[in-house]
Amino acid sequence: NNIQLTIDLDYQVVLQEELYRRINETEAQSGMGILINPQTGEILAMASLPDFDSNYPSKYSMEYHKNRVLTDQFEPGSTFKFVAATAALKHQLVDLNEEFFCENGQFTFAGEIVNDHEDYGLLTFPQIIENSSNVGIIKIAERIGTKKLYRACRDFGFGMPTNISFSGESPGTLRHLTKWSGFSIASVSMGQEIAVTTLQLAMAYAAIANGGIRKPVTLRKIEGGIIDGERVLSEQTSKEIMSMLEKVAIRGAPRAKINGYRIGGKTGTAQIAAANYASDKHNALFVGLAPLTKPKIAIAVIVNEPGGKEYYGGQVAAPVFSEIGSHTLRLLGIAPDDK
């Protein structure tokens, strides 16, 4: 039988070059990126840098031989807040116009102090996601409860392999409910105390983009272009989350902008886990979708330990999404939204 890979050389070159450029510009240790068609689950490009010269593999550390998009797990930080948001909407526990008091930026939960990056007062549910309020998402998670939040994590495929059929794929880390502490519901809702792979994160956002269906991930070209998957969200919930993600991208990640196209996405700036998250090392993340009317691409970018003055996801990773998305949409022949 004929087998055609979904990896496209043109898209791969764009992803590889833009990621390489950004790693150098930000003096980062490494980076990962993946480009997916959310309608089919097909992987169009996948990169892990630094890599190695396959002509002389013995000259490079084995660390560079790994496909870290699949093998390495990390805490997703604020890019994970969509999970609690979707669970709240799915179970009709929060109204879109409902306001939450975000404690002017500091909140004590289960004996632990949680801080926001700004001193927020009253925020509506969409504003909590738009402003990435830790306090707000914890208050929403309280209403959801541990069982429903855990179930939402599993529905999106976290804590389990995607079955991409690559050796060495990590399932990530999602501890069973029986091992959660009193603070776990807060940690998980903020994207801490859980570890994901770049592939898992991209596939979860792809499910939002295609109307709520978690597709099987594939590297083989699909005849007809559409395959069935598991519905994890209603189409209405998917639309509501995408509307929030558009506002997030406009406000929190202007450098992710793709001229002529509506986009949605979420930034993340995750401290690399150390005692009490006291580390001064970060991973900068951005996961985005475009064009928002019917997304044809889902892109996840992680820049590990940027060494310059900028380390936020909106500063470091969002520009990579913009460049990759701009080139890819043109290669796909997708007309701008304003034409």
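Residues numbered from 1 in each chain as written. Predicted model: local features only at pLDDT ≥ 70, side-chain atom pairs only at ≥ 80, totals over all residues. Heavy atoms only, no water.

Enquirer: In this structure, what is going on with the packing of helix α3 (residues 81-90) against helix α6 (residues 146-155)? I would like to understand it.
Expert: How two helices pack is summed up by the angle between their axes together with the distance between the axes. The N-to-C vectors of α3 and α6 enclose an angle of 115°; their axes lie 9 Å apart at closest approach. Judged by the angle between their axes, α3 and α6 are roughly perpendicular. Two packed elements cross with a definite hand, and for α3 against α6 that hand is right-handed. Each of Val83, Ala84, Ala87 and Lys90 in α3 lies in contact with α6, whose residues at this interface are Leu149, Ala152, Cys153 and Asp155. (Axes fitted to C-alpha atoms, helices over the stretch in contact; angles between N-to-C directions. Helix = DSSP H or I, 4+ residues; strand = E, 2+ residues; numbered from the N terminus. Parallel < 35°, antiparallel > 145°, perpendicular 65-115°, else oblique. Left-handed = near helix turned anticlockwise from the far one by under 90°. Contact = heavy atoms within 4.5 Å.)

Enquirer: What should I look at first to understand a nonpolar patch on the surface in this one?
Expert: Where nonpolar side chains cluster on the molecular surface, the patch consists of Tyr56, Tyr60 and Tyr64 and spans about 290 Å² of accessible area. Among the secondary structure elements, Tyr56 is positioned in the loop between β2 (42-49) and α2 (68-71). (Patch = residues over 30% accessible without salt bridge, like charges linked within 9 Å, V, L, I, M, F, W, Y side chains within 5 Å. Areas by Shrake-Rupley, 256 points an atom, 1.4 Å probe, with all protein chains shown as cover. Salt bridge = Lys/Arg side-chain N within 4 Å of Asp/Glu carboxyl O.)

Enquirer: Can you walk me through the packing of aromatic side chains in this structure?
Expert: How two aromatic rings sit relative to each other is given by the distance of their centres and the angle of their planes. For the coordinates displayed, the defined rule picks out nine aromatic pairs. With a centroid separation of 4.7 Å and 25° between ring planes, the pair formed by Tyr311 and Tyr312 is classed as stacked. Given the relative accessible area of 44%, Tyr312 is considered partly exposed. What links up through ring pairs into an aromatic cluster is the set Phe80, Phe82, Phe156, Phe158 and Tyr205. The ring of Tyr56 is capped by Lys59, whose NZ or CZ atom sits 4.6 Å from the centre of that ring. It is Lys139 that lies over the ring of Phe107; its NZ or CZ is 5.3 Å from the centre. (Phe/Tyr/Trp six-rings, centres within 6.5 Å; stacked < 30°, edge-to-face > 60°. Buried < 20%, exposed > 50% of the residue type's maximum accessible area, 1.4 Å probe, protein only. Lys NZ or Arg CZ within 6 Å of the ring centre and 35° of its normal.)

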